[in-house]
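An overview of the molecular structure
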Amino acid sequence: MIKLILLGIVSGAFFSTTFVLNDFMSVSGGHWLWSAILRYFFVIVFLVVILILQGGIKRLKDVCKLFMENYWFWTISGTIGYGFFYALLCFSADYSPGWVIAATWQFTMFSGLFVFMMFGKKFPKKIWIFSFIIFVGVCLVNLSHMENFDLKALLLGGLPVLIASFFYPMGNQLVWEAKNGNHKNVPKITSKLLSNAFNKVFLMSIGSVPFWIILLIIINPPSPSDSQIITTALIAFFSGILATSIFLYSRNLAKDSNEIAAVDATQASEVGFSLIGGMLLLGNASLNFYSIVGIILILGGLLLFTKYQNA
């Protein structure tokens, strides 16, 4: 369990680059849709190279074959878990700073539990208590910067993130159910290829492509700048490749819904990493007493998850 928590925190550090760098792009200019599309373009390019290095052209062909055998499943799970999720996250970056988005994103702790319940999972009361402790810590982090709060940031910056917090765990849970579960509405995929995190990220990324094409046709944004292209490439590598793969790997190691919930809760570490990143790279407000207490509560909640699982 300790290994799962540590892996989750490492993925949280890499995930935080999304919030910090999207904040940077919103300040320097560039349409939010290109921030989303270019990330997954680079993710797919990077993964093609990684899959070939891991298993040669045969690996790439096998994964593509697995995609075609379950085309609708990967399109649905990729659109929900990557498309809806990241489109809303990038849209919100135009209206809220990175730390607000990172903090609001921690609602995924609660939304993730509700998603699990939709798939018939049950939790002991302690799991909800630990999640609440982490959520209180997130609220304190928000309160520490309340002077920057306004209604527009809440509606156009916060609300899309809250909605996105349901889509990301739902897409990931669909893949987990396909590999490990027996849900009647989710196809069973027994391929050993799903044991590799890079394969799963590639399958879901490819599955999100139709969604991005449709959005591109509908919105028709102006062309991206060179700076936006380079920045999204960095996000794709750190968050799309490293963070997502580590996160899915740790989730794959989880033996039951309680451990999955604990891994998902490590995303709370993104708040601290995003605050620090914003301070160092963008000159955002520094940590104060409430921020520190909030981060301590977040980490304390994670430790309680660990202690409970090892009791």
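Our structure is the block above this text.
A brief structural summary. Here the residue numbering is sequential within each chain, running from 1 through the sequence in written order. Whole-chain, interface and lining totals are the exception, using all residues; otherwise, since this is a predicted model, local features are given only for residues with pLDDT of at least 70 and side-chain atom pairs are given and counted only at 80 or more. The basis for every side-chain value is the complete set of heavy atoms in the structure, and neither hydrogens nor water enter the calculation.

**Here's the deal with the overall build of the protein**
A run of H or I in DSSP counts as a helix once it spans at least four residues, and a run of E counts as a strand once it spans at least two, with each numbered from the N terminus. Along the protein, the regular secondary structure elements total 12 helices and 0 strands. Going from the N terminus to the C terminus, the protein shows its helices and strands as α-α-α-α-α-α-α-α-α-α-α-α. Structurally, the protein occupies a C-alpha span of about 55 × 55 × 30 Å along its principal axes. Counting only residues that meet the buried cut, the protein has 54% of its 311 residues in that class. Only heavy atoms enter the contact rule, under which two residues are in contact if any of them lie within 4.5 Å. Summarising the internal contacts of the protein: among those between residues at least 6 apart in sequence, 87% fall at separations of at least 24. Here's how the labels work: a residue is buried when its accessible area is under 20% of the maximum for its type, exposed when over 50%, partly exposed in between, all with a 1.4 Å probe on protein chains only.

**Things to note about the packing of helix 9 (residues 226-253) against helix 10 (residues 257-265)**
Where helix 9 contacts helix 10, the axes come no closer than 8 Å and their chain directions differ by 160°. As far as their axial angle goes, helix 10 and helix 9 are roughly antiparallel. When you trace helix 9 past helix 10, the crossing you get is right-handed. In contact with Phe 247, Ser 250, Arg 251 and Leu 253 of helix 9, helix 10 contributes Glu 259, Ile 260, Val 263 and Asp 264. To define axes, lines are fitted to C-alpha atoms, for helices over the stretch in contact only, and angles between the resulting N-to-C directions are given on a 0 to 180 degree scale. In what follows, roughly perpendicular refers to angles from 65 to 115 degrees, roughly parallel to angles under 35, roughly antiparallel to angles over 145, and oblique to any angle outside these ranges. For a crossing to be left-handed, the near helix must be turned anticlockwise from the far one by less than a right angle; the clockwise case is right-handed.

**Here we look at the side chain of Asn 196**
Mapped onto the fold, Asn 196 is located in the loop between helix 7 (151-180) and helix 8 (197-219). Residue contacts for Asn 196: discarding those within four places in its chain leaves Gln 54 and Arg 59.

**Remarks on the packing of aromatic side chains**
The description of an aromatic ring pair uses the distance of the two centres, along with the angle that the planes make with each other. Only the six-membered ring of Trp is used, alongside the rings of Phe and Tyr, when aromatic pairs are assigned; centres must lie within 6.5 Å, and planes under 30 degrees apart are stacked while those over 60 apart are edge-to-face, with the rest tilted. In total, this model carries 25 aromatic pairs according to the counting rule given. Both rings, one in Phe 15 and one in Phe 247, keep their centres 6.1 Å apart while their planes meet at 75°; by these two values the pair is edge-to-face. Placement of the pair is Phe 15 in helix 1 (residues 2-28) and Phe 247 in helix 9, with a sequence separation of 232 residues. Assigned by exposure class, Phe 15 and Phe 247 land together as buried. Members of the aromatic cluster, joined through ring pairs, are Phe 15, Tyr 40, Tyr 82, Phe 84, Phe 85, Tyr 86, Trp 105, Phe 167, Tyr 168, Phe 211, Trp 212 and Phe 247. Residue placement shows Arg 39 over the ring face of Tyr 86; its charged tip is 4.2 Å from the ring centre. We call a charge positioned above a ring when the Lys NZ or Arg CZ atom is no farther than 6 Å from the ring centre and deviates by at most 35 degrees from the ring normal.

**Quick look at the pattern of salt bridges**
Each reported salt bridge corresponds to a side-chain nitrogen of Lys or Arg within 4 Å of a carboxyl oxygen of Asp or Glu. One pass over the full model with this rule turns up 1 salt bridge. A salt bridge links Lys 58 to Asp 62; its shortest N-O distance comes to 2.8 Å. Of this pair, Lys 58 and Asp 62 are both found in helix 2 (residues 32-69), 4 residues apart, which corresponds to roughly one turn of the helix.

**What to know about helix 2**
A rise of 1.5 Å per residue sets the reference length of helix 2, with its 38 residues, at 56 Å; its end C-alpha atoms lie only 33 Å apart and thus fall more than 12% short of the reference. Across the chain, bend at a residue is computed as the angle between axes fitted to the seven residues ending at that point and the seven starting from it. Residue Gly 55 marks the point of greatest curvature in helix 2, where the axis turns by about 125°. Take the residue count of a helix, subtract one, and multiply by 1.5 Å to get its expected span.

**Details of the nonpolar core**
Trp 74, Phe 85, Tyr 86, Leu 89, Trp 105, Ile 134 and Trp 212 are the most contacted members of the largest nonpolar core, which has 90 residues in total. Residue contributions to this core peak at 17 residues, all from helix 2. Among residues more than four places away in sequence, those in contact with Leu 89 are Thr 18, Phe 19, Ile 101, Trp 105 and Val 161. What is meant by a nonpolar core is a set of buried Ala, Val, Leu, Ile, Met, Phe, Trp, Tyr and Cys residues, joined one to another through side-chain atoms within 4.5 Å.

**Details of the packing of helix 2 against helix 3 (residues 71-92)**
Two elements in contact, helix 2 and helix 3, have axes whose closest approach is 10 Å; the angle formed by their N-to-C orientations is 150°. Relative to helix 3, the element helix 2 is oriented roughly antiparallel. At the point where helix 2 passes helix 3, the crossing takes the right-handed sense. Between helix 2, through Trp 32, Ser 35, Ala 36, Arg 39, Tyr 40, Leu 66, Phe 67, Met 68 and Glu 69, and helix 3, the contact on the second element is made entirely by Tyr 71, Trp 74, Thr 75, Tyr 82, Phe 85, Tyr 86, Ala 87, Cys 90 and Phe 91. In this classification, the charged set is Asp, Glu, Lys and Arg, the nonpolar set is Ala, Val, Leu, Ile, Met, Phe, Trp, Tyr, Cys and Pro, and all remaining amino acids, among them Gly, are polar. Considered class by class, the residues forming the contact of helix 2 with helix 3 number 14 nonpolar, 2 polar and 2 charged.

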